[in-house]
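Observations on the model geometry
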Amino acid sequence: MTSPRRAIISTVFLLTAAGFAALLAQSAPLPNRPDSLKFAAIGDNGTGDRPQYEIAEQMTKAHATFPFDLVIMLGDNMYGRQTPADFVKKFEQPYAALLKANVMFQASLGNHDRPENVSYRPYNMNGQRYYTYARKNVRFLALDSTLMDTKQLEWVDATLGGAREDWKICYFHHPLYSDASRHGSSVDLRLLLEPIFVRNGVHVVFSGHDHVYERVKPQKGIYYFVSGAAGQLRRGNMRPSAETAASFDQDLSFMLVEVAGLEMHFQAISRSGRVVDAGVIRRPSGANPPTAR
Amino acid sequence: MLRATFPQFWAFALEHLLVLPLGAAIALIWVNVSPESYYSFTYTIAFTVNDVAMVFFFGLMTKEVVEATAPDGLLYPWRRALLPVIAAVGATTVSALIYVRVVDVLDEPALRVAWPVTFGTDIALSYFVGRLILRRELVPFVLLLAIASNALGFIAIALFNPTGELRPVAGAAIMAVAIGLALALRRARVKSFWPYVLAAGGVSWFALFRGGVHPALALVPIMPFLPHAPRDPGFFVDASPDAHDALSRFEIVWRHPAQVALFFFGLVNAGVSFHALEPGTWGLPIAVIAGKPVGILIGAGVALAAGLHLPQRVGWRELVTVGFITAIGFSVGLFLCTALLPPGQLRAETSMGDLLTLAAAPIALVSARLLRVGRG
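Every chain is numbered on its own, with residues counted from 1 as its sequence reads. Both sets of labels track the order of writing: A upward for chains, 1 upward for ligands. Local features in a predicted model are, by the rule used here, given only for residues with pLDDT of at least 70; side-chain atom pairs are given and counted only at 80 or more, and totals for whole chains, interfaces and linings are based on all residues.

1. What to know about the overall build of chain B
By definition, any uninterrupted DSSP run of H or I lasting at least four residues is a helix, any uninterrupted run of E lasting at least two residues is a strand, and each is numbered from the N terminus. For chain B, the count of helices and strands is 14 helices and 0 strands. Shown N-terminal to C-terminal, the secondary structure of chain B runs as helices and strands in the order α-α-α-α-α-α-α-α-α-α-α-α-α-α. Each principal axis of the C-alpha distribution contributes one length, and for chain B these read about 60 × 50 × 40 Å. Burial in this document is a count-based property: other C-beta atoms within 10 Å of a residue's C-beta are tallied, and the residue is buried at 20 or more, exposed at 12 or fewer, or partly exposed in between, with C-beta positions derived from the backbone. Sorting the 376 residues of chain B into buried and exposed places 56% on the buried side.

2. What to know about the sheet that holds strand β6 (residues 167-171) of chain A
Residue and element names in this part refer to chain A. For two strands to pair, DSSP has to find at least two bridges joining them. Across the sheet, which stays open at both edges, the 7 strands sit in the order β4-β5-β6-β7-β9-β8-β10 with mixed pairing between neighbours. At either margin of the open sheet sits one strand with a lone partner, and together these are β4 (131-135) and β10 (244-248). In this sheet, adjacent strand axes meet at a mean angle of 15° when their direction is disregarded. Across 4 bridges, the pairing between strand β8 (residues 213-219) and β10 is antiparallel. Bridge pairing in β10 places V216 opposite T244. Note on definitions: angles span 0 to 180 degrees between N-to-C directions of axes, and those axes are lines fitted to C-alpha atoms, for helices only across the stretch in contact.

3. Considerations on the pairing of strand β2 (residues 70-74) of chain A
All names here are of chain A. With 4 of its 5 residues buried, β2 lies for the most part within the structure. Note that strand β1 (residues 37-42) and β2 share 4 bridges and pair parallel. In the strand pairing of β2, A41 is matched with I72. Seen with its strands pointing away from the viewer, a crossover is right-handed if its path from the first strand over the helix to the second goes clockwise. What joins β1 to β2 is helix α2 (residues 50-65), and the crossover it makes is right-handed. Both β2 and strand β3 (residues 104-108) contribute to a ladder of 5 bridges, which runs parallel. Among the inter-strand pairings, I72 is bridged to a residue of β3, identified as Q106.

4. Observations concerning the interface of chain B and chain A
Many descriptions give the size of an interface as the accessible area lost when the pieces come together. At the interface, 19 residues of chain B touch 21 residues of chain A. Secondary structure elements with two or more residues in the side of chain B that touches chain A: α3 (35-67) and α13 (345-356) of chain B. With 5 residues, α3(B) is the single largest residue contributor to the side of chain B that touches chain A. Looking at the side of chain B that touches chain A residue by residue, the classes come out as 10 nonpolar, 5 polar and 4 charged. Placing C-beta atoms from the backbone, we regard two residues as in contact once those atoms come within 7 Å. Ten residue types, Ala, Val, Leu, Ile, Met, Phe, Trp, Tyr, Cys and Pro, are classed as nonpolar, four, Asp, Glu, Lys and Arg, as charged, and the remainder, Gly among them, as polar.

5. Concerning the nonpolar core
Nonpolar cores are built from buried Ala, Val, Leu, Ile, Met, Phe, Trp, Tyr and Cys residues. These are joined into a set through C-beta atoms within 7 Å. Counting 214 residues, the largest nonpolar core has A:A40, A:A41, A:V205, B:V142, B:L145, B:Y196 and B:A261 as its most contacted members. By residue number, the principal contributor to this core is helix α6 (residues 139-159) of chain B, which donates 13 residues. Apart from residues no more than four positions distant in its own chain, B:Y196 is found in contact with B:A182, B:L185, B:G201, B:I222, B:F225, B:L226 and B:A246.

6. Some remarks on unusual backbone geometry
A positive phi angle, near 50°, is found at A:N126, a position not held by glycine. Position of A:N126 among the secondary structure elements: in the loop between β3 and β4. Phi is positive for B:D107, which is not a glycine, with a value near 65°. Note that B:D107 resides in the loop between α4 (82-105) and α5 (123-133).

7. Examining the confidence of the model for chain A
Here chain A averages 92 in pLDDT, and 88% of its residues register 70 or above. Confidence drops under pLDDT 50 across residues 17-26 of chain A; counting only partners more than four residues distant or on other chains, this segment forms 7 contacts. Confidence of the predictor at the level of single residues is captured by pLDDT, which takes values from 0 to 100.

8. Remarks on helix α11 (residues 316-325) of chain B
Because each turn of an α-helix spans 3.6 residues, side chains separated by three or four positions end up pointing in the same direction. All names here are of chain B. Of all 10 residues in α11, 8 are buried; the element is thus mostly enclosed. Buried within α11 are the following residues: E318, L319, V320, T321, V322, G323, F324 and I325. The elements touched by buried residues of α11 are α4, α5, α6, α10 (283-305) and α14 (360-371).

9. A short note on the confidence of the model for chain B
Residue and element names in this part refer to chain B. For chain B, the mean per-residue pLDDT works out to 90, and 95% of the residues sit at or above 70. For chain B, the element scoring lowest by mean pLDDT is helix α1 (residues 6-17), at 68; α10 scores highest, at 97. Overall fold confidence (pTM) sits at 0.88, and the ipTM for the predicted complex is 0.87.

10. Observations concerning the environment of A:Q82
Residues and elements named next belong to chain A. Inspection of the secondary structure puts Q82 in the loop between β2 and α3 (84-92). Here the alpha-carbon distance between Q82 and H112, two residues 30 residues apart in the chain, equals 9.9 Å. In contact with Q82, not counting residues within four places along its chain, are R114 and N117.

11. Section: the packing of helix α8 (residues 193-211) of chain B against helix α9 (residues 246-269) of chain B
The relative placement of two packed helices is expressed as an angle between their axes plus a distance between the axes. Residues and elements named next belong to chain B. Running from amino to carboxyl end, α8 crosses α9 at an angle of 75°, the nearest separation of the two axes being 8 Å. The angle between α8 and α9 falls in the class roughly perpendicular. Within the contact between the two elements, α8 uses F193, Y196 and V197 and α9 uses A246, R249 and F250. Per-class residue counts for the contact of α8 with α9 are 5 nonpolar, no polar and 1 charged. An angle below 35 degrees is treated as roughly parallel, one above 145 as roughly antiparallel, one from 65 to 115 as roughly perpendicular, and anything else as oblique.

12. Comments concerning the environment of A:Y123
Residues and elements named next belong to chain A. On the secondary structure map, Y123 appears in the loop between β3 and β4. A count of 21 C-beta atoms within 10 Å places Y123 in the buried class. Residues Y123 and V71, spaced 52 residues apart in sequence, show a C-alpha to C-alpha distance of 9.8 Å.

13. Re α14(B)
Residues and elements named next belong to chain B. For a helix, the expected span equals 1.5 Å multiplied by the number of residues minus one. Compared with an ideal rise of 1.5 Å per residue, which puts 12 residues at 16 Å, α14 spans 16 Å between its outermost C-alpha atoms and is within 8% of the ideal. Of the residues making up α14, those classed as buried are A360, A361, A364, S367 and A368. Down the axis of α14, the sector holding all buried residues measures 120°, keeping them to one side. In α14, the exposed residues that point more than 90 degrees away from the buried face are P362, V366 and L370. The elements touched by buried residues of α14 are α5, α10 and α11. Note on α14: the residue one or two positions beyond its end, R372, has a positive phi of about 55°. An arc is given here, and it is the one of the directions from the helix axis to the C-beta atoms.

14. A few points about the environment of B:S240
All names here are of chain B. Mapped onto the elements of the fold, S240 is located in the loop between α8 and α9. For S240, a count of 11 C-beta atoms within 10 Å translates into the label exposed. Each C-alpha atom of the pair S240 and V129 lies 25 Å from the other, and the pair is 111 residues apart in sequence.

15. Points about the packing of helix α12 (residues 330-340) of chain B against α13(B)
All names here are of chain B. Two numbers describe how α12 lies on α13: the axes approach to 9 Å, and their chain directions differ by 170°. With respect to each other, α12 and α13 are oriented roughly antiparallel. Seen from α12, the contacting residues are F330, G333, L334 and C337; seen from α13, they are R347, T350, S351 and D354.

Dropping the structure here:
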């Protein structure tokens, strides 16, 4: 076989295999085990516009078959005016069905949120800019990346150092890694936070700010997700790089996550309900960083 | 009072107005080309530059103010400063109020915590622009306003720091020791500035650091104790090389190292990634360019109602132009921003907003022309 012909056949084979793998990944179902931790992640959601409501409807639909009881909010939970009426229009109404089903929202704030929103009861922040909580075998840290001062960094280090859960998950607004062209990576914050995350064995980080979905290839053993399109979209804003594992910038999206023992399954779901990315992260027992499929 | 000759004036411009913009320009290019190396470098030296080296820059600024309290000085007698101080209170209050409202309108309410940055006025640039476009007798008024605004800004960042932890009792107790030490040195007629700077200044630095106030201001409470010439040589007039008083010797020794500090200050703090910017960036320039002239008019109105008098040939048109000039935050604005905000988007937007306040200089020029208050 001549070499150009061999190259064409190889390319066709590889593309077919990659497409098939992508299809498989996208249809990978969540295990939906009864004893697992199930949660959703939304970022940059609080517009009060129709697209936010449509994503909320998809979340409600997903909740019927995948009964998550936690939603982590990745900041910019509210845009524009933030009067009591806006809290109804931009939060309580769109997520009414989930709130009624006792789904707990745990917010972090972004640059468009009013600082005093830490005291808005349904955000469950208890008046704190940054805080921690544990669910099953997962330790969550919700951080304030808008004001990442020394005191907060010391708290993050101490809290992660003392965490004994199987999984350590941090979430905050500004992404340490992002290949979206509007904002991109917050390198200034990365240099402050990444050493702490690496030192303390953080497994997964969720952020928003860029209005796209992106899964970044593990960086120093840590998995980074950008999920900032639950209310606004910057269509075509992704500029995938060698660090991009998967991305979606053609429609709004949110994430569903299930932590079952030492496995973390995830799906990114579009406004139409299509699974646009899916996979599983395996955390080896012991202190080793997780591996992904 | 303002005796610098014209060649001295341009020498002043070369010495005081180029190093910080040069550092800032390098920072802006560097951070947008190679952010990782920029932040790695600047985080390493940030403490040394911002908290230690800048002590000498603010020491030199304070030296100018201390000398201005001597006969022939701007602040002699101190009552002369009363009206500019009241005008400065008006200017800073109105700017801060506008800022808080504007960042809300621009949908970035998280930026509200940066309101003390609106107080900053670049003294050297204000002096330069004032000398360029205003009648000579108006320049002291500009300087007094700038000094008063900055003093209010330093108080504001100490009291309203969103992330700082003020420990006033511990800080005040240690500061009392520092001031006692400076007083003892003065009483002992110590003529060298070194014991004042190293001993009293060192304790003062620790007092501010422990008290939760930015330690770059460590020499501000110490400089008044240094022996100085009986008469003010003039604002921004270089000390004579054969001057023997402690304050002049301090200037002679630290003038150039402070410029190096200022260069690195620009390099460390002005690096703003353009990707970090959002509409809230405009909040600061809008607030100070609109707020300072209006606030000065209101403050001056209050002062007049209280029985004070404006300097001769100063009316509302002059006050408006002075307001635009004092809207230039630049070096002091950048310092207030750095002291107030940790690294991240808010600092990036506020720093860039501060650089944009340079637009107040051409606006002041146009204002002077339109209102006919210029040198002509």
